[in-house]
Amino acid sequence: MPDEPLVLGIETSCDETGVGIVRGETLLADAVASSVDEHARFGGVVPEVASRAHLEAMVPTIERACRDAGVTLRDLDAISVTAGPGLAGSLLVGVAAAKALAVALDTPIYGVNHLASHVAVDIVEHGPLPEPTMALLVSGGHSSLLLVPDVTDDVRSLGSTMDDAAGEAFDKVARVLGLPFPGGPHVDRAAREGDQVAIDFPRGLTSGRDMERHRFDFSFSGLKTAVARWVEHRHRAGEPVPVADVAASFQEAVVDVLTKKALLACRENDVDHLLIGGGVAANSRLRALAEERCARAGVTLRVPRPGLCTDNGAMVAALGAQMVLKGREPSDLGLPTDSSMPVTTVLT
Ligand code: KG4
Ligand code: ZN
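How each quantity is defined
- Residues numbered from 1 in each chain as written.
- Chains lettered and ligands numbered in written order.
- Predicted model: local features only at pLDDT ≥ 70, side-chain atom pairs only at ≥ 80, totals over all residues.
- Heavy atoms only, no water.
- Helix = DSSP H or I, 4+ residues; strand = E, 2+ residues; numbered from the N terminus.
- Expected span 1.5 Å × (residues − 1).
- Buried < 20%, exposed > 50% of the residue type's maximum accessible area, 1.4 Å probe, protein only.
- Near = heavy atom within 4 Å.
- Polar contact = N/O pair within 3.5 Å; in protein donor to acceptor, adjacent residues only side chain to side chain.
- Donors = N, O, S within 2.8 Å, 3.2 Å for Na, K, Ca; no water.
- Tetrahedral: all angles 85-135°; square planar, octahedral: opposite > 155°, others 65-115°.
- UniProt positions renumbered as here; feature names shortened; annotations may be inferred.
- Core = buried A, V, L, I, M, F, W, Y, C linked by side-chain atoms within 4.5 Å.
- 1 Å grid on protein atoms, 1.4 Å probe; cavity = no way out; pocket = protein on both sides within 12 Å on 5 of 7 lines; lining within 4 Å.
- Points joined across faces, edges and corners; volume = space filled by probe spheres on them.
- Nonpolar A, V, L, I, M, F, W, Y, C, P; charged D, E, K, R; others polar.
- Pairing = 2+ DSSP bridges.
- Axes fitted to C-alpha atoms, helices over the stretch in contact; angles between N-to-C directions.
- Contact = heavy atoms within 4.5 Å.
- Domains from an automatic or database assignment.
- Buried area = accessible area lost by both parts, 1.4 Å probe.
- Salt bridge = Lys/Arg side-chain N within 4 Å of Asp/Glu carboxyl O.

1. Section: helix H10 (residues 243-268)
The end-to-end C-alpha distance of H10 is 38 Å, a good match for the 38 Å that 26 residues give at a rise of 1.5 Å each. Burial analysis of H10 places 20 of its 26 residues in the buried class, which makes it a mostly covered element. The positive-phi residue at the C-terminal boundary of H10 is Asp 270, with phi of around 60 degrees.

Next up, the structure:
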């Protein structure tokens, strides 16, 4: 087993073709080709379009990653790849490419969970993960609160969204406000000019009864509907929509609940490190409020830089390298994809 394994990771679960290369816990390359522009006019990711884009981008992105890292494929000690969850066709493209590389290069292959990879990526940014770490994972497809005693084989779900994912809510609200897709970054930008207490939008699953039954679960669909109703009411009344205020008040409702529940989970599980990952972790208000509340609670906050929060190959390579370093048994070459892989399955 090499001390500092050189691992190439492939990510194709949604619309980013990501290829990352990591040596041990050091990031060498993070090449990403996104098909997001091809989906924009549909207002959401079109699975067939995404699969085809992955096919076209795969080889050039692998070549670019190797060039950036200054390595050749022959130097690789292992391949890791997102086996799920994600879009079925897109996952297949990545896993097929990873299998082809593993066969051609005679290296082990690790089929890993996309969500655990969002957690593991912070190792190449901020060093080894304290065990356990609390992880708040917020992306376009998922919102989960995870207790992570060991990111290579023990990830426990404390709660997750009952309906829309946090990123999905951002994207839908952006659409209501006439902002482009994907809406998260646009809402974030618009909110900077707005007043976060202008409109009192609902905080899902935070009432006394809900806190008993869904302590660490989230719900954003009621909030999304409340925003849509509020905007519609304005339209009907012939009044202008204060986009910045709506964006800021909506965003505040989301990040207030996310940070409150994450810190409650830290306290109740005696965990003093909180990691926030996934695309929504790029949100400037989430980062600021989390920092403020963590500092007050004596919890150390870790958030990867925005480029590592959105989908990328580095996160898959980072988790693959941990698998090698911890001596985990590689996956079978016949490993399947699983579009609804549970968050607790780290390695398939
Ligand atoms: O993790 P990710 O790249 O892909 C998934 O696995 O889903 O997350 C994408 C999501 C999108 O919904 C996007 O709108 C959201 O992350 N997002 C943001 C920001 N940047 C990306 N949401 C809020 N604020 C941002 N700055
Ligand atoms: Zn993701």
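2. With respect to the site of ligand 1
Neighbouring ligand 1 are 20 residues; Gly 140, Asp 171, Asp 188, Gly 279 and Asn 283 lie closest to it. Contact between ligand 1 and Asp 171: an oxygen atom at 2.6 Å from a side-chain N or O atom of the residue.

3. With respect to the coordination of the zinc ion (ligand 2)
Donor atoms from the polypeptide that bind the zinc ion (ligand 2) are His 114 (NE2), His 118 (NE2) and Asp 311 (OD), placed at 2.1 Å. Classification of the site at the zinc ion (ligand 2) rests on its 4 donor atoms, whose angles at the metal span 93 to 154 degrees, yielding the label irregular. Sequence positions of the residues that donate to the zinc ion (ligand 2) give the spacing H-x3-H-x192-D. Of the two residues, His 114 sits in helix H4 (residues 114-120) while Asp 311 sits in the loop between helix H12 (306-309) and helix H13 (314-325), which places them 197 residues apart along the sequence. Classification of Asp 311 as buried rests on a relative accessible area of 15%.

4. Overview of the UniProt feature "domain: Gcp-like" (unreviewed entry) in the protein
Mapped onto the present numbering, the UniProt feature "domain: Gcp-like" (unreviewed entry) falls at residues 27-317. Each end of residues 27-317 is marked by a C-alpha atom, and these two atoms are 9 Å apart; helix forms 51% of the span and strand 17%.

5. Examining the nonpolar core
Ranked by size, the top nonpolar core spans 50 residues in total, and within it Leu 136, Phe 250, Leu 274 and Ile 276 carry the most contacts. Mapped onto this core, the elements with two or more residues apiece are strand S6 (133-138), strand S7 (143-150), helix H6 (166-176), helix H7 (184-191), helix H9 (221-236), H10, strand S9 (273-277) and helix H11 (284-297). Ranked by residue count, the leading element in this core is H10, at 14 residues. Ala 78, Val 121, Leu 129 and Leu 137 belong to the second largest nonpolar core, which has 32 residues in total.

6. A short note on the layout of surface pockets
Computed from the structure, the largest pocket encloses a volume of approximately 1,200 Å³. The wall of the largest pocket is formed by 43 residues, among which Ser 139, Gly 140, Asp 171, Phe 181 and Pro 182 lie closest to the centre. Taken together, the elements giving at least two residues each to the lining of the largest pocket come down to strand S3 (26-34), helix H1 (36-40), H4, H6, H7 and H12. By residue number, the principal contributor to the lining of the largest pocket is H6, which donates 6 residues. Considering only residue class, the lining of the largest pocket consists of 16 nonpolar, 19 polar and 8 charged.

7. What to know about the sheet that holds S7
If you trace the 5 strands from one edge of the open sheet to the other, you get S8-S7-S6-S9-S10, paired in mixed fashion. At either end of the open sheet lies a strand with only one pairing partner, and these are strand S8 (154-160) and strand S10 (300-302). Averaged over all neighbouring strand pairs, the angle between strand axes comes to 25 degrees, with direction disregarded. Both S7 and S8 contribute to a ladder of 5 bridges, which runs antiparallel. Paired with Leu 145 across the two strands is Gly 159, which belongs to S8. Sheet contacts for H10: S6, S7, S8 and S9; angle to S6, the most-contacted strand, approximately 160 degrees.

8. Some details on the domain arrangement of the protein
Along its sequence, the protein is organised into domain 1 (6-121 + 312-325) and domain 2 (133-304). Once you take the C-alpha centre of each, domain 1 and domain 2 turn out to be 27 Å apart. Taking both partners together, domain 1 and domain 2 bury about 1,200 Å²; carbon and sulfur atoms supply 81% of that area. When the buried surface of domain 1 facing domain 2 is broken down by residue, Leu 115, His 118 and Val 119 rank first, second and third, together holding 43% of it. Put simply, domain 1 and domain 2 have 0 salt bridges between them. Breaking the side of domain 1 that touches domain 2 down by element, the ones donating at least two residues are H1, H4 and H13. For the side of domain 1 that touches domain 2, the element with the highest residue contribution is H4, accounting for 5 residues.

9. Considerations on the pattern of salt bridges
Applying the stated criterion across every chain, the model contains 19 salt bridges. We note a salt bridge from Arg 305 to Glu 125, for which the minimum N-O separation is 2.5 Å. Remark: Glu 125 occurs in helix H5 (residues 122-126) and Arg 305 occurs in the loop between S10 and H12; sequence separation between them is 180 residues. Taking the relative accessible area as the measure of exposure, Arg 305 reaches 40% and is therefore partly exposed. By relative accessible area, Glu 125 is classed as partly exposed at 24%. The salt bridge involving Arg 328 is made with Asp 153; its shortest N-O contact spans 3.7 Å. Of this pair, Arg 328 sits in the segment after H13 while Asp 153 is found in the loop between S7 and S8, placing the two residues 175 residues apart along the sequence. Among the charged side chains, a network of salt bridges with common partners joins Glu 131, Asp 150, Asp 153, Lys 326 and Arg 328.

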